[in-house]
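If you want the building blocks of each chain, they are given just below.
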Amino acid sequence: MKMINELNDHEHVEGQFLVGNVSKGVNTVGGSYFSLELRDASGTIAAKKWDATLLDEQIFIPGNVISLVGETNKYKEQLQLKVLSAELVSLEDIDVERFVKAPPVDKEILIKRFKDYVASVKNENCQKLLAYFVNKFGDNLFSYPAAVSIHHEYSSGLLMHSVTMADLASSMCEIYDADRDLVITGCLLHDMGKIIELEGPIVFKYSTEGKLLGHISIMAAEIRKAASELKIESEIPVLLEHMVLAHHGQLEFGSPVLPLTKEALLLSLVDNLDSKMVIVNKVMQDVEPGNFSNKVFALDNRSFYKPAK
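Engineer: Please set out the overall build of the protein chain residue by residue, giving values where relevant.
Structural biologist: On a plain count of helices and strands, the protein chain comes out with 10 helices and seven strands. The C-alpha radius of gyration of the protein chain comes to 21 Å, within 12% of the 19 Å expected for a compact globule of 309 residues. The dimensions of the protein chain, computed from C-alpha atoms along their principal axes, are 60 × 45 × 40 Å. Scored against the burial criterion, the 309 residues of the protein chain give a buried share of 46%. Here the analysis covers contacts within the protein chain between residues at least 6 apart in sequence; of these, 56% occur between residues at least 24 apart. Split by element, the accessible area of the protein chain, about 16100 Å² in all, is 53% carbon and sulfur. Of the side-chain charges in the protein chain, 31 are positive and 43 negative, and the distance between the mean point of each set is 2 Å.

If you want it as structure tokens, here you go:
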């Protein structure tokens, strides 16, 4: 089975793919179809499943691994896949090596950086909360992705995202006179709710709790629960809850509240910076110098230019 980055135009395709984004449409004669993003460890490809059936609705669900038969073609100079037939792959039959994408930095290096940041925090209550969650989530902290798709969607993506944010925030705290202990703790804790939001031993999809609550509210509740168990009476837990609740920066981006402390604002800006730059880097990988990328939905549907060298 070829990987996505090995596919060519006008090619018969058979193999396993991970379903990413899915949208359902209706054609001019009233028939249903699916617009799909299919993934493996090498990349993504846009796909269409025409004449969609009720059975297809149970197959084309984000996070599912499917076995399909299809053919490639180009649309507006971009390779895409026409799905002729597909079926759900059972967990025991998944070809794991097709989907486990390694982080861009060695996992052991990332773990050391994470632990170094934990050790650098001086505030006693921040220390207690960090130790509580490191113990609670264990190895999942170091293996989970940060998302099903979009950014840091690989093994240890959550770890990579959190450590990179701490790298960025550490210097900014000094520049802007922000509480470093709070910000570093926020960087390391803010997305840990994704360990509950996402599930899957090989490929990840949203859990029931994740669909109903989302990682932001999940983690805010986890911090409050931890503070109660640890009998922390300072305002540190409330400040961290606020940072988690506000870290998407805007109400329309999923934050229940706007950042109302310097540390919460800094955390939201660093989170946005890291996620957006990772998206751009991923999109630009296959763009030749002197050309524009495809439009990037997550970045206001813009195309990005790679300067000629």
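Engineer: An account of the side chain of Ser 162 is needed here, citing residue identities and associated values.
Structural biologist: Within the element layout of this structure, Ser 162 appears in helix H5 (residues 157–176). Within the structure, the side chain of Ser 162 is placed 2.9 Å from the backbone oxygen of Leu 158, a separation counted as a polar contact.

Engineer: How would you summarise the pattern of salt bridges if you had to cite specific residues and measurements?
Structural biologist: Side chains carrying opposite charge are able to pair once their charged atoms draw close together. Under the definition given, this model contains 11 salt bridges. Asp 116 is the salt-bridge partner of Lys 112, the closest N and O atoms lying 2.8 Å from each other. Of the two residues, Lys 112 and Asp 116 both sit in helix H2 (residues 107–120), four residues apart, roughly one turn of that helix. By relative accessible area, Lys 112 is classed as exposed at 54%.

Engineer: So what's going on with the pairing of strand E3 (residues 43–49)? Which residues, and what values?
Structural biologist: Strand direction decides the pairing type here: strand E2 (residues 32–40) and E3, joined by seven bridges, are antiparallel. Within E3, the position partnered with Asp 40 by the bridge is Gly 43. Between E2 and E3, which pair antiparallel in sequence order, lie two residues. As defined by bridge partners, E3 adjoins strand E5 (residues 78–88) across three bridges and the pair is classed as parallel. Looking at the pairing, Ala 46 lines up with Gln 80 of E5.

Engineer: Please set out the nonpolar core residue by residue, giving values where relevant.
Structural biologist: Counting residues in each nonpolar core, the largest one holds 48 residues, and the members touching the most others are Phe 114, Phe 133, Leu 189, Met 192 and Leu 240. Among the elements that line this core, the one with the most residues is H5, at eight residues. Those residues in contact with Phe 114, other than ones at most four positions away along the chain, are Val 134, Leu 141, Phe 142, Leu 159, Val 163, Leu 188 and Met 192. By size, the runner-up hydrophobic cluster in this structure holds 18 residues, among which are Leu 7, Leu 38, Val 83 and Ala 86.

Engineer: Before we move on, could you go through the side chain of Asp 56 and cite the residues and values that matter?
Structural biologist: For Asp 56, the location among the structural elements is in helix H1 (residues 54–59). Note on Asp 56: relative accessible area 6%, which makes it buried.

Definitions and limits used
- Residues numbered from 1 in each chain as written.
- Predicted model: local features only at pLDDT ≥ 70, side-chain atom pairs only at ≥ 80, totals over all residues.
- Heavy atoms only, no water.
- Helix = DSSP H or I, 4+ residues; strand = E, 2+ residues; numbered from the N terminus.
- Rg over C-alpha atoms; globule rule 2.2 N^0.38 Å.
- Buried < 20%, exposed > 50% of the residue type's maximum accessible area, 1.4 Å probe, protein only.
- Contact = heavy atoms within 4.5 Å.
- Areas by Shrake-Rupley, 256 points an atom, 1.4 Å probe, with all protein chains shown as cover.
- Lys, Arg positive; Asp, Glu negative; His and termini not counted.
- Charge placed at Lys NZ, Arg CZ, Asp CG, Glu CD.
- Polar contact = N/O pair within 3.5 Å; in protein donor to acceptor, adjacent residues only side chain to side chain.
- Salt bridge = Lys/Arg side-chain N within 4 Å of Asp/Glu carboxyl O.
- Pairing = 2+ DSSP bridges.
- Core = buried A, V, L, I, M, F, W, Y, C linked by side-chain atoms within 4.5 Å.

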